Structures are given as structure tokens and as C-alpha cells.
Amino acid sequence: MVEIFLALILISLLISISGNLAVFRKASFLIASVSHSALAGVALSLLLTSLGFEQDYFLLATLFAIAFALLASLTSRFSDIDTGVAISFALSMAIAVVFLSLIRGISAKIWAFLFGEILLVTEQDLIYLTFSTILVILLFGLLYNKFIFFLFDPEGAKASGINPKLLDIILFAIIATSVVAVIRSVGAILAYSIFIAPSAIAKEFAQSVKQSLIITFGITLISLMLGISVSLIFPVSASALAALIASTLYIVVFSLRRLKK
Amino acid sequence: MAVEAKNLSYSYGKKKALENLSFKIDDGEFIAVLGPNGAGKTTLLKCLLGLLKAEGELLVLGFDPRKDRRVLERISYVPQRSSLALDLPLTVEKVLSMCDTELDWEILEQLELKDKMKMLFRELSGGYQQRVLIARALMKKPKLLLLDEPFNGVDLLTQEKIVEILEDVNATIIVVLHNINPILHAVDRIMLLNRELIAFGRSNEVFRKENMLKVYKIEIPLIVCEEGFIHPLYGDHHG
């Protein structure tokens with residue numbers, strides 16, 4: 001139980017940072033793209049393992065996720081962020097499907113990565129989560145002021161000597177690392193809602209970026225804990241419930257806000 | 001010399017944005033750049049910052065901005081408000097401290113921002129948002145101040161306030177505008193731009209029927225104010 005609680009804290013920290021970065025960068029869809037790229041990496045590791053070449057999923061998933069996140073960043077320079085992400089998404093999904101179609105008899109493992117299962121977090125997953133969280137917090141902490149400047153005022157940031165291309169690449173890499181770290185717990189398909197809904201709510205109500213990070217952390221942690229609690233009573237996936245809670249909260253909050261106006 | 005350009009050109013792919021611009025701007029001059037949309041006004045500012053690599057000879061504060069990034073330490077740039085991510089939850093204080101400069105309470109007092117520090121930038125009016133951006137630029141104590149359409153969405157009173165402040169700034173100022181009238185009495189020279197440099201000089205030298213036709217492709221009436229300055233009368237077109 002302690003391991004699960006620790007995992008929830010680490011997942012919430014990662015989602016707090018990366019969810020906010022994605023929302024501020026107006027690249028929410030990147031989460032979906034990156035999680036499916038990670039899935040392609042997972043599929044390749046499962047395929048190699050099934051062929052007798054034992055492979056851990058984390059390294060390949062991270063490589064795929066970062067590579068496709070960078071592809072999205074590069075492609076967006078020629079058009080816009082939506083097009084860049086869409087191209088990266090389509091390509092990574094196609095690769096994932098190709099690898100998955102080559103695998104025989106391990107659908108349960110694929111299912112675990114598609115929809116995740118917080119209650120089945122292993123010691124190995126916890127190590128990956130800890131390592132990724134430390135890396136993401138370090139990078140985010142070191143570059144915090146630059147990120148905020150670049151996200152708020154890209155032209156002004158460039159004119160102050162900030163390298164926007166490098167910063168964008170690091171931002172995308174942070175998001176990719178976070179998504180890979182939580183994919184086993186929340187799943188590739190559900191990652192989108194659990195990353196974006198809490199940050200989108202927080203952005204509307206926060207009085208500062210730091211407050212937005214704290215609110216996101218709180219909403220994510222509560223959604224995950226409620227998801228787990230309900231799943232102990234009813235035989236339903238905890239991560240699916242957490243995503244359901246976060247998304248419903250988003251819809252309720254914004255509906256109430258609209259009614260108030 | 002603050003800026004010295006010779007045969008400065010820039011193209012976006014095959015589309016020419018600036019063609020063979022040659023001009024000089026002295027230290028401390030206050031310059032307004034005018035022209036229609038797509039005339040290359042913002043492109044010119046970005047070339048001066050070295051963000052776009054223009055062809056031709058260019059010296060800004062003695063540096064070639066395309067090669068020497070140190071020049072950016074001496075320049076402040078106020079971008080168009082439309083380029084900002086206004087939905088971010090940032091306080092005025094946070095926006096002001098982005099450039100790693102210390103808060104200058106005198107500037108904040110002058111721009112009436114002292115009591116707004118804890119407010120969210122996104123909740124300020126357009127005029128106050130512009131004041132914050134100008135305050136941020138001034139706190140850097142620049143040698144060259146570049147402003148891109150600072151009057152967009154700003155009421156007349158705030159426009160006057162901004163002009164007042166800019167007049168007191170001890171730096172070379174280049175401001176890109178659509179409407180020169182709020183600032184005409186304060187500027188030293190006016191640059192009329194439409195990809196090419198159409199005219200560059202004092203208002204009485206620049207605002208001539210033929211120049212306005214070259215720049216805007218329509219006839220814009222010109223009137224002389226009590227102080228003897230020629231003003232273009234925008235919005236009163238004669239086809």
C-alpha cells in the first residue's frame with residue numbers, strides 16, 4: 001500500500017508539471033501523441049521479447065516517446081503545433097499497430113499498457129517513476145523562469161536571448177518522459193484525460209503558475225485516490241475511474257462557470 | 001550611431017519582405033515606422049534584433065546583431081500584445097521580473113502600476129497590460145527600445161501617458177505604428193515603409209501626397225495642425 005501511495009504522489013507530481021506545460025504550450029494533444037508513441041516502443045519491446053530478445057519496455061518506450069515528441073516539435077515549426085502533433089501521432093500510431101499486429105498471444109500485457117492499472121505497480125515501475133520524477137523536477141526547476149517567459153511571450157523571450165527551439169525541445173522531452181513514466185499506471189489511452197483535465201481546471205482558477213501546479217497536483221492525487229477507492233468496492237479499472245473523475249470534474253466546473261456568467 | 005543599415009533585405013521564402021533599405025538612426029533619436037499590414041515593419045524590428053538574418057550591412061549599437069548576441073543585452077523589445085499567451089495565470093510582478101531585472105519603483109510609480117503588482121496580468125485592461133510591457137522594457141535600462149504597435153487596443157488617455165513616458169526615456173526609440181497621430185509631436189523622424197523605404201524624415205518632409213499614395217495605395221488627406229505639423233487623416237479616404 002505504501003508503494004502505491006508513493007506511486008500516486010510521483011504520478012501526480014509528473015502530471016502537475018507536464019500537464020501544465022502541455023496546456024500552457026497549447027499542445028494538449030501532444031500527451032495523446034506521446035503516449036501512443038510510447039505504446040509503439042512498448043509494442044516493439046514485447047515483440048522483441050516474444051522473439052527471444054528479452055527487452056524491458058521503459059527504454060524503448062522512452063526513446064520512441066522522445067523521438068516522436070521531437071518530431072512534433074520540429075514539424076510544428078513548418079506549420080503549427082496541431083499539425084505537427086497530428087503528423088507525429090498518426091506515424092507513431094501506425095508503427096504501434098504494425099508492431100502489435102506482429103505479436104501473438106500477449107494481449108493481456110498490451111491491455112495493461114493501453115488502459116493501465118495503478119494497483120499493479122511493480123517495484124521496477126516505482127524505480128522508473130522515481131528516476132523520471134527527479135529528472136523532470138530538476139529540468140523544470142532549473143528552467144522554470146525561461147519556460148514561463150517563453151510560454152507567455154515567445155517574441156520577447158527570443159529578443160532577450162533565450163533559445164526558443166532548444167527550450168521547446170526540452171519542454172517536449174519533459175512531457176514525453178512523464179508520459180512514459182506513468183503509462184503503466186494510467187495507460188496510453190487514458191493518459192490524455194488524466195494529464196490535461198486537472199491542468200485545464202487549475203489554469204482557470206489559479207492566481208499564479210505555482211498555484212496552478214499545486215491545484216493540478218491536488219486534483220490528480222484526489223482523482224487517483226478516489227479511483228482506487230471505488231475500484232476496491234466495484235471491479236472496475238482504477239485508472240479508468242480516475243480519468244473519469246478528472247474529466248467529469250472538468251465538465252462540471254466549466255458548466256457551473258458558464259451558468260454563473 | 002544607434003542603427004546603420006545599407007541595402008538591408010529580407011525574404012520569407014520567395015516573398016520579399018524588405019528590399020534594399022538604407023538608413024541611419026542617431027543615438028537618442030525617436031523614430032516612428034509607418035506602413036500598411038505586410039509592409040515589413042515587424043520584420044524590420046526582428047532584423048534589428050538579429051532574430052531574422054537579413055542580407056546587407058547592418059550595425060546596431062555598434063554590433064552586427066546577426067553575429068553578436070551581446071547586443072540583445074542593450075536592447076529592450078515590446079512585442080505586440082497579440083503575440084502573448086494571455087491565458088497564463090501570471091501576476092504583474094511575475095511578468096515584470098521575467099527579464100531578470102530588478103524592480104524599479106520609480107518606473108512603476110510613473111506608469112501607475114505600484115498597486116497592481118499582485119493582480120493577474122490577464123485581468124488588466126489592454127492599456128494597463130501595455131504599461132506593464134513598457135515598464136518591463138524600461139527596467140532593463142536599454143540603449144535601444146523597440147516597440148511593436150504599442151497603441152493597439154489602448155485608449156486615448158493611456159496612449160497619451162505612454163507617449164509622455166517615452167519622451168522621457170534616455171534611449172534611442174523605434175516604434176512601429178499604424179496611426180502616427182498620438183505620437184507625431186514626440187517623434188524626431190518618421191520612416192514610411194512598404195517593403196521599400198518610401199521616405200524617412202520629419203513629418204513635413206515625409207507626409208506628402210505622393211509618398212502616402214506609394215505606401216497605402218490610396219489617397220490619404222493631410223492636414224496641418226496648430227503647431228505646424230502635417231498629420232495624415234486616416235479613415236477619410238478619397239478614392
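Residue indices begin from 1 for each chain and proceed along its sequence in written order. Naming scheme: in the order in which they are written, chains are lettered from A and ligands are numbered from 1. Per-residue local features are limited, in this predicted model, to residues with pLDDT of at least 70; the limit for side-chain atom pairs, both in listing and counting, is 80 or more; totals at the level of whole chains, interfaces and linings are taken over all residues. In computing side-chain values, all of the structure's heavy atoms are included and hydrogens and water are not.

## Examining the pattern of salt bridges
Thinking step 1. Each reported salt bridge corresponds to a side-chain nitrogen of Lys or Arg within 4 Å of a carboxyl oxygen of Asp or Glu. One pass over the full model with this rule turns up 19 salt bridges over all chains.
Thinking step 2. A:Arg25 is paired through a salt bridge with A:Asp168; the nearest N and O atoms lie 2.7 Å apart. With A:Arg25 in the loop between helix H1 (2-24) and helix H2 (29-50) and A:Asp168 in helix H8 (residues 164-186), this residue pair connects regions lying 143 residues apart in the sequence. Side by side, A:Arg25 and A:Asp168 carry an identical accessibility label, which is buried.
Thinking step 3. Note that B:Arg136 and A:Asp153 form a salt bridge whose closest N and O atoms lie 2.5 Å from each other. Taken together, the residues span two chains, with B:Arg136 in helix H4 (residues 126-139) and A:Asp153 in the loop between helix H6 (123-152) and helix H7 (154-159).
Thinking step 4. We call a residue buried when its accessible area falls under 20% of the maximum for its residue type, exposed when it is over 50%, and partly exposed in between, using a 1.4 Å probe and counting protein chains only. Residue A:Asp153 is classed as buried on the basis of its relative accessible area of 0%. A run of DSSP states H or I qualifies as a helix once it reaches four residues; a run of E qualifies as a strand once it reaches two. Both are numbered from the N-terminal end.

## A word on the sheet that holds strand E1 (residues 3-12) of chain B
Residue and element names in this part refer to chain B.
Thinking step 1. For two strands to be treated as a pair, DSSP must find at least two bridges joining them. Strand order in this open sheet of three strands is E2-E1-E4, and the pairing throughout is antiparallel. Each edge of the sheet is formed by a strand with only one pairing partner; in this case those strands are strand E2 (15-25) and strand E4 (55-60). Averaged over all pairs of adjacent strands, the angle between strand axes in this sheet comes to 25°, irrespective of strand direction.
Thinking step 2. Direction of pairing for E1 relative to E4: antiparallel, over a ladder of five bridges. Of the residues in E4, the one forming a bridge with Ser9 is Glu55.
Thinking step 3. Two residues qualify as a contact provided that any one of their heavy atoms is within 4.5 Å of a heavy atom in the partner residue. Inter-axis angles, ranging from 0 to 180 degrees, are taken between N-to-C directions of lines fitted to C-alpha atoms, where helices are fitted over the stretch in contact. Docked against the sheet, helix H1 (residues 41-49) engages E1, E2 and E4, running at close to 65° with respect to E2.

## Here's the deal with a nonpolar patch on the surface
Residues and elements named next belong to chain A.
Thinking step 1. Within this analysis, patches are made of residues with over 30% relative accessible area and no salt bridge. Like charges are joined at 9 Å or less; nonpolar side chains (Val, Leu, Ile, Met, Phe, Trp, Tyr) at 5 Å or less. Accessible areas in this description were obtained via Shrake-Rupley with a 1.4 Å probe; residue shielding takes into account the shown protein chains only. Where nonpolar side chains cluster on the molecular surface, the patch consists of Leu232, Ile233, Phe234 and Val236 and spans about 440 Å² of accessible area.
Thinking step 2. Relative to the helices and strands, Val236 resides in the loop between helix H10 (209-233) and helix H11 (238-260).
Thinking step 3. Residue classification places Val236 among the partly exposed residues on the basis of a relative accessible area of 44%.

## With respect to the pairing of strand E3 (residues 30-34) of chain B
Residue and element names in this part refer to chain B.
Thinking step 1. Counting buried residues in E3 gives five out of five residues, a clear majority hidden from the surface.
Thinking step 2. Covered by surrounding structure in E3 are Phe30, Ala32 and Leu34 together with Ile31 and Val33, the residues of both alternating faces.
Thinking step 3. One ladder, built from five bridges, connects E3 with strand E7 (residues 172-177); its direction is parallel. Bridge pairing links Phe30 to Ile173 in E7.
Thinking step 4. Relative to strand E8 (residues 189-194), E3 runs parallel, the two sharing four bridges. When the bridges of E8 are listed, Leu34 appears paired with Leu192.

## A look at the packing of aromatic side chains
All names here are of chain A.
Thinking step 1. Aromatic pairing here means that ring centres of Phe, Tyr or Trp (its six-membered ring) are within 6.5 Å. Orientation follows from the plane angle: under 30 degrees is stacked, over 60 is edge-to-face, and everything else is tilted. On inspection of all chains with the given rule, the structure shows 14 aromatic pairs over all chains.
Thinking step 2. Their ring planes at 80° and their centres at 6.1 Å tell us that Phe29 and Tyr192 sit as a pair that is edge-to-face. With Phe29 in helix H2 and Tyr192 in helix H9 (residues 191-205), this pair connects stretches of sequence that are 163 residues apart.
Thinking step 3. Of the residues examined, Tyr192 reaches a relative accessible area of 33% and is grouped as partly exposed.
Thinking step 4. When the centroid spacing of 6.2 Å and the interplanar angle of 25° are considered together, the rings of Phe64 and Phe68 count as stacked. A residue pair is termed a helical-turn pair when its members lie 3 or 4 positions apart in one helix, as Phe64 and Phe68 do in helix H3 (residues 57-78) at four residues.
Thinking step 5. Phe64 sits in the buried class, given a relative accessible area of 16%.
Thinking step 6. For Phe68, a relative accessible area of 9% gives the class buried.
Thinking step 7. Here Arg257 stacks its cationic end above the ring of Phe205, 4.7 Å away from the centre of that ring. Criterion for a charge above a ring: Lys NZ or Arg CZ within 6 Å of the ring centre, and within 35 degrees of the ring normal.

## Examining the packing of H1(A) against H8(A)
All names here are of chain A.
Thinking step 1. Running from N to C, H1 and H8 point in directions that differ by 140°, and their axes come no closer than 9 Å. With respect to H8, the axis of H1 lies oblique. Read as a crossing pair, H1 and H8 show a hand that is left-handed. Contact residues: H1 offers Ile11, Leu14, Ile17, Ser18, Leu21 and Ala22, while H8 offers Leu171, Ile174, Ile175, Ser178, Ala181, Val182 and Ser185. Here the angle decides the label: under 35 degrees means roughly parallel, over 145 means roughly antiparallel, 65 to 115 means roughly perpendicular, and every other value means oblique. Two helices cross in a left-handed way if the nearer one is turned anticlockwise from the farther one by less than a right angle. They cross in a right-handed way if the turn is clockwise.

## Here's the deal with the interface of chain B and chain A
Thinking step 1. Across the boundary between the two partners, chain B contributes 24 residues, which contact 23 residues of chain A.
Thinking step 2. Of the roughly 2000 Å² buried between chain B and chain A on both sides combined, carbon and sulfur atoms contribute 61%.
Thinking step 3. Once two parts are brought into contact, the accessible area they lose, counted with a 1.4 Å probe and summed over both, makes up the buried area. The three residues of chain B that bury the most area against chain A are B:Leu88, B:Pro89 and B:Met98, which together make up 26% of that side's buried surface.
Thinking step 4. Along the contact surface separating chain B from chain A lie four salt bridges.
Thinking step 5. Of the charged contacts, one joins A:Lys26 and B:Asp87 as a salt bridge, the two residues approaching to 3.2 Å between their closest N and O atoms.
Thinking step 6. Two N or O atoms form a polar contact when they lie within 3.5 Å of each other; inside protein one atom must be a possible hydrogen donor and the other a possible acceptor, and for residues adjacent in sequence the pair counts only when both atoms belong to side chains. Summed over the shared surface of chain B and chain A, the result is 10 residue pairs in polar contact (both at pLDDT 80 or more).
Thinking step 7. At the level of secondary structure, the elements contributing two or more residues to the side of chain B that touches chain A comprise H1 and helix H2 (92-96) of chain B.
Thinking step 8. Here the side of chain B that touches chain A is composed, by residue class, of 15 nonpolar, two polar and seven charged. Each residue receives one of three labels: charged for Asp, Glu, Lys and Arg, nonpolar for Ala, Val, Leu, Ile, Met, Phe, Trp, Tyr, Cys and Pro, and polar for the others, Gly being one of them.

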